[in-house]
Each structure stands twice: as structure tokens, then as C-alpha cells.
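An overview of the molecular structure
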Amino acid sequence: MLEKFKNFIHWESSQKPDVDISGLLYEQLKPFRAPFILLFFGLFLSTLGYLVVTDYTLIEAFFQGSYTFTTTGFGALKESEFDALDIIYTSIVMLAGSAVLSFCVISIIDTLNRGKLISVIKERNMIYKIARLKNHFIICYHNEYTIQLAEQFRKAHIPFVVVDTNPSLEDIANKYHYPYFINEDPHTELAMLKCHLSSAKGVITLSNNTADNIAQIATIRLYEKELGRKPYYIIGSAQNNEDEEKLKKLGADSVVSPSRLFAQRVNAMATRPDMENLLERFAYQKDTPLDLEEILVPRYSWLVLKKLKEAHFREITQTSVVGITQKDGKFISMPNEDTLVTSECKLLVIGTSHGVRAIKHLIGKKDKPEELKYV
């Protein structure tokens, strides 16, 4: 019953990281043990001594011992009535307190100057923040492509984590506004655990070295099998056609060649500038009057095995289906009204942002929408 209630109110327990670095944090805190133990025993012994050499009550002895041992004051109680033994003991307490406090301060400053404790605390906080992400992308290796991609992802509100071995990654992340980052070798298991790969949507590897991209893809596919989950969507970058084929054979879903993309864009600008400007408005700019988007038809959708004309998209949402990508990858351009909509195909629709959202809503229903009864 409790589980049903949680599902009804969409209750989600806090996510825990795939890796725990608390042990590393405790290791960095070990140097603080000796100073705090000395401080505790110093206060204890000074309090006990005042109980013996004076007629103080326990609370008075603790107060006298505390401010004398820490050398923060003198004269609050009955010091004017001290005899020689009381004065000698008080002097010993003050000298011992000064020595212990100096040792504590030096130990703390030395530990902080090493820089490891602060970095471990920051990394632990970052890992816990990343653990709250779902369906995020992991971008491996920082370079110019990563900078541009991160900017586009932020505009589209797509969560992502940048992973790189650069020791200055924190400064880089602050400069280029990476919200989440991990300073590790991307193809290692530890890096993927810190990036919470178990809940990620996919991985984008953008190294200029093909060998790094190959190692990354192999690591992700192996980790994927260990988890027994659906395949990650992997995007790689290649410098030439040969490397592009290698990455695809190893398991990359898509491979981007910067040189080829540059050539294609320049060719489009030179041969069909008007169409290129139109594509720029629809596909790359934000807040345009029209949107061009590909929408997946889930297996449970009411539209499966129905003709396109039965959806009445044009009448209801003022959008048009200009292409259909079948599950096997076959693309149907400008489908007619009698085209059959199959399970898990993708509809390429064009229309207003409101209309595209309305189509997603209609397609996502299991039963035929009420809106179609009045068309």
C-alpha cells in the first residue's frame, strides 16, 4: 500500500552515488585526531586538577580549566584567594594550553595547505549533486567541441557532466559554466561511477585521439552489459572516414566528423543559401515561430497500426508530418495520408512549439484521444 501511495504522489527517495568516497574523506581528516584528543585531555586534566587543588565545584573547575587552558581569560572566579600551589598549577595549565593550541593550529594549517581535504570535500559534494541527475549525458574530454556542445545543452536544458583529467578542470568549469564535472580519466570505471552512469541517457566522447574514443566506447558497452540495462546512446567524434567506421563497428550509435560537417555546411551555404538560412532558423535557433522535431511513437500508443489521416494532426494541432523514420531505419519522406504508423517509428513534424507539444501529448496516450471525436 505504501509503495502504491509513493507511486501515486510521484515520491522519490534521495538518490545515492554509485561510488562512496567517504573513506578518502576520513583519511584526510586523520591528522585532526591528535590535536582534538590533546585538547580534550588537556581540558579534562585541568578541570580535574582544579578540583583537587581548590575548593571549586565541578562546574567552576571546568570553567576555570577551560578559559585558563585556552588562555582566553583570567580573573573571573576567586583567583585573588589562590595560594602558591594554585598559582603554580594555573601557570602550568596556561603553558600547557599554549603548547597544545599552537600544535593544533599548526596541524590544521598544514593539513589545509596540502589542498587535498578541500578538494575531497568539493568532489564529494559534486558526486552527490550528480547522483540526483537522470537521463543526463556524460561528455568525455574537454576541448573546443565540448565548450560549444555545453553551451547548446545549457540552452536546451539538457543535463550533462563533463569528465576530463585536466588538473585545472574546476577553473575551466567555472569559466565555461559546466554545472557538473569530474576530474578523472574518462574511460576508467571510477570515473563512470562518479558520473552516475547507471542513470545516464548516453555518453559523448570527443577526444581528438581516436584511441581514447575507442577505449571509451568499449568501456561503456561493457558496463552496460554488467548493469543489464537498455543500451546507452553513444556519440563519438572521428577525424576521418576510417576512424568513423571503426567507432561505428565498436558500438557507437552516431559518429560526428567535424571536417565533414564543416564541408557539408559550407557546401549548403554556397549552393543553396536560402535553404541553409531556413534550416538555421528551424534547427539551430531558439524561440523561433516554428519547430522541427522528431517524435517517437511508443509501442503502447493508440496510433500504432493506424493510418496517418486518422490522427488529424493538421486539424487539431496545426502541425504537419513531413517524414517518418521506421524502426529499421528506413526513411519515408512526405508521407501521404494512407501511410501506416508502425510501433516505435519516429515522426518528423513541423509546426509551432505549442503544436509540437500537443502532438507529443496525443501520441503518448494509450487510448484514442477525446479530441478526435469532434474532428
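Residues numbered from 1 in each chain as written. Predicted model: local features only at pLDDT ≥ 70, side-chain atom pairs only at ≥ 80, totals over all residues. Heavy atoms only, no water.

1. Section: the overall build of the protein chain
The condition is simple: Where helices and strands are cited, they refer to DSSP runs of H or I of at least four residues and of E of at least two residues respectively, numbered from the N terminus. Think of it in three bands: residues with accessible area under 20% of the maximum for their type are buried, residues over 50% are exposed, and the middle band is partly exposed, with areas taken using a 1.4 Å probe on protein chains only. Areas reported here follow the Shrake-Rupley algorithm with a probe of radius 1.4 Å; residue values treat only the protein chains shown as occluding.
Per the secondary structure count, the protein chain includes 15 helices and 12 strands. For the protein chain, the proportion of its 375 residues judged to be buried stands at 36%. Of the roughly 22,800 Å² that the protein chain leaves accessible, carbon and sulfur atoms contribute 59%.

2. Here's the deal with the environment of Glu-224
Rules: The contact definition used throughout considers only heavy atoms, calling two residues in contact when any of these lie within 4.5 Å.
By the secondary structure assignment, Glu-224 is in helix α10 (residues 210-227). Spatially, the C-alpha atom of Glu-224 lies 9.1 Å from that of Leu-197, the residues being 27 residues apart in sequence. If we ignore the near neighbours within four places in the chain, the residues touching Glu-224 are Arg-229, Lys-230, Pro-231 and Tyr-232.

3. Things to note about the sheet that holds strand β9 (residues 320-325)
The following threshold applies: Two strands pair under a simple rule: DSSP has to find at least two bridges between them. Between N-to-C directions, angles span 0 to 180 degrees; the directions come from axes that are lines fitted to C-alpha atoms, helices contributing only their stretch in contact.
In space, the 4 strands of this open sheet follow the order β7-β12-β9-β10, with antiparallel pairing throughout. Each edge of the sheet is formed by a strand with only one pairing partner; in this case those strands are β7 (291-296) and β10 (331-333). The sheet shows a mean angle of 25° between the axes of neighbouring strands, taken without regard to direction. Relative to β10, β9 runs antiparallel, the two sharing 3 bridges. Counterpart to Gly-323 in the pairing with β10 is Ser-333. The sheet contacts of helix α15 (residues 353-363) involve β7 and β12 (346-351), and relative to β7 the element is tilted by about 10°.

4. What about helix α4 (residues 58-69)?
Note that an α-helix has 3.6 residues per turn; residues three or four places apart therefore point the same way. Our working definition: Helix span, as expected, comes to 1.5 Å for every residue beyond the first.
Over its 12 residues, α4 runs 16 Å from end to end, which matches the ideal 16 Å to within 8%, given 1.5 Å per residue. Along α4, the residues classified as buried are Ala-61, Gln-64, Gly-65, Ser-66, Tyr-67, Thr-68 and Phe-69. Thr-71 occupies a position one or two residues after α4 and carries a positive phi of about 55°.

5. Quick word on the packing of α10 against helix α11 (residues 241-250)
Operational definition: Oblique is the label for every angle not falling under 35 degrees (roughly parallel), over 145 degrees (roughly antiparallel), or within 65 to 115 degrees (roughly perpendicular). Gly is put with the polar residues, along with every residue not named as nonpolar or charged; the nonpolar set is Ala, Val, Leu, Ile, Met, Phe, Trp, Tyr, Cys and Pro, and the charged set is Asp, Glu, Lys and Arg.
Two elements in contact, α10 and α11, have axes whose closest approach is 10 Å; the angle formed by their N-to-C orientations is 10°. The orientation of α10 with respect to α11, classified from their angle, is roughly parallel. Facing α10, whose interface residues are Thr-210, Asn-213, Ile-214, Ile-217 and Arg-221, α11 presents Asp-243, Leu-247 and Leu-250. Considered class by class, the residues forming the contact of α10 with α11 number 4 nonpolar, 2 polar and 2 charged.

6. Overview of the nonpolar core
Just so we agree on the cut-off: Throughout, nonpolar core names a set of buried Ala, Val, Leu, Ile, Met, Phe, Trp, Tyr and Cys residues whose side chains join them through atoms within 4.5 Å.
Among the nonpolar cores identified, the biggest contains 43 residues, and Ile-138, Tyr-178, Ile-182 and Leu-197 are the most heavily contacted of them. Of all hydrophobic cores here, the second largest spans 19 residues; its members include Ile-295, Trp-302, Ala-311 and Ile-363.

7. Description of the pattern of salt bridges
Where side chains of opposite charge bring their charged atoms close, a pairing between them can arise. Put simply, the rule is: Each reported salt bridge corresponds to a side-chain nitrogen of Lys or Arg within 4 Å of a carboxyl oxygen of Asp or Glu.
Here the structure, examined in full by the defined rule, presents 12 salt bridges. The partner of Glu-151 in a salt bridge is Lys-155, and the shortest N-O contact between them spans 3.6 Å. Taken as a pair, Glu-151 and Lys-155 lie in helix α7 (residues 144-155) at a separation of 4 residues, close to a single helical turn. Given a relative accessible area of 29%, Glu-151 falls into the partly exposed group. Of the charged contacts, one joins Lys-248 and Glu-244 as a salt bridge, the two residues approaching to 3.7 Å between their closest N and O atoms. One end of the pair, Lys-248, and the other, Glu-244, are both in helix α11, 4 residues apart, so they sit about a helical turn from each other. With relative accessibility at 7%, the residue Glu-244 sits in the buried group. A single salt-bridge network, built from bridges that share partners, covers Glu-123, Glu-184 and Lys-194.

8. Here's the deal with the sheet that holds strand β6 (residues 254-256)
Spatially, the 6 strands line up as an open sheet ordered β3-β2-β1-β4-β5-β6, and their pairing is parallel. The two strands at the open ends of the sheet, each matched to only one other strand, are β3 (181-183) and β6. Ignoring which end each strand starts from, the neighbouring axes of this sheet average 15° apart. Looking at chain direction, strand β5 (residues 233-237) and β6 are connected through 3 bridges and run parallel. Bridge pairing in β6 places Ile-235 opposite Ser-254. Its contacts with the sheet place helix α8 (residues 169-176) against β2 (160-164) and β3, and it is angled at close to 160° to β3. Across the sheet, α10 touches β1 (137-140), β4 (202-205) and β5, and the angle it forms with β4 is around 170°.

9. Here we look at the UniProt feature "transmembrane region" (unreviewed entry) in the protein chain
Note the following rule: UniProt positions are given in the numbering used here, feature names are shortened, and annotations may be inferred rather than shown by experiment.
In this structure's numbering, the residues bearing the UniProt feature "transmembrane region" (unreviewed entry) are residues 34-53 and 87-109. The distance separating the terminal C-alpha atoms of residues 34-53 is 28 Å; by composition the span is 100% helix and 0% strand. Segment residues 87-109 splits into 100% helix and 0% strand. End C-alpha atoms: 33 Å apart.

10. A short note on the packing of aromatic side chains
Applicable threshold: Only rings of Phe, Tyr and Trp enter the pairing, Trp through its six-membered ring, and a pair is recorded when the two centres are within 6.5 Å. The plane angle decides the type: under 30 degrees is stacked, over 60 is edge-to-face, the rest tilted. The criterion for a charge sitting over a ring is simple: Lys NZ or Arg CZ within 6 Å of the ring centre, and within 35 degrees of the ring normal.
Enumeration according to the criterion identifies 9 aromatic pairs in this entry. Joined through ring pairs, the aromatic side chains of Phe-137, Phe-153, Phe-160, Tyr-176 and Tyr-178 make up one cluster. Its end group placed over the ring of Tyr-300, Lys-366 keeps NZ or CZ at 5.9 Å from the ring centre.

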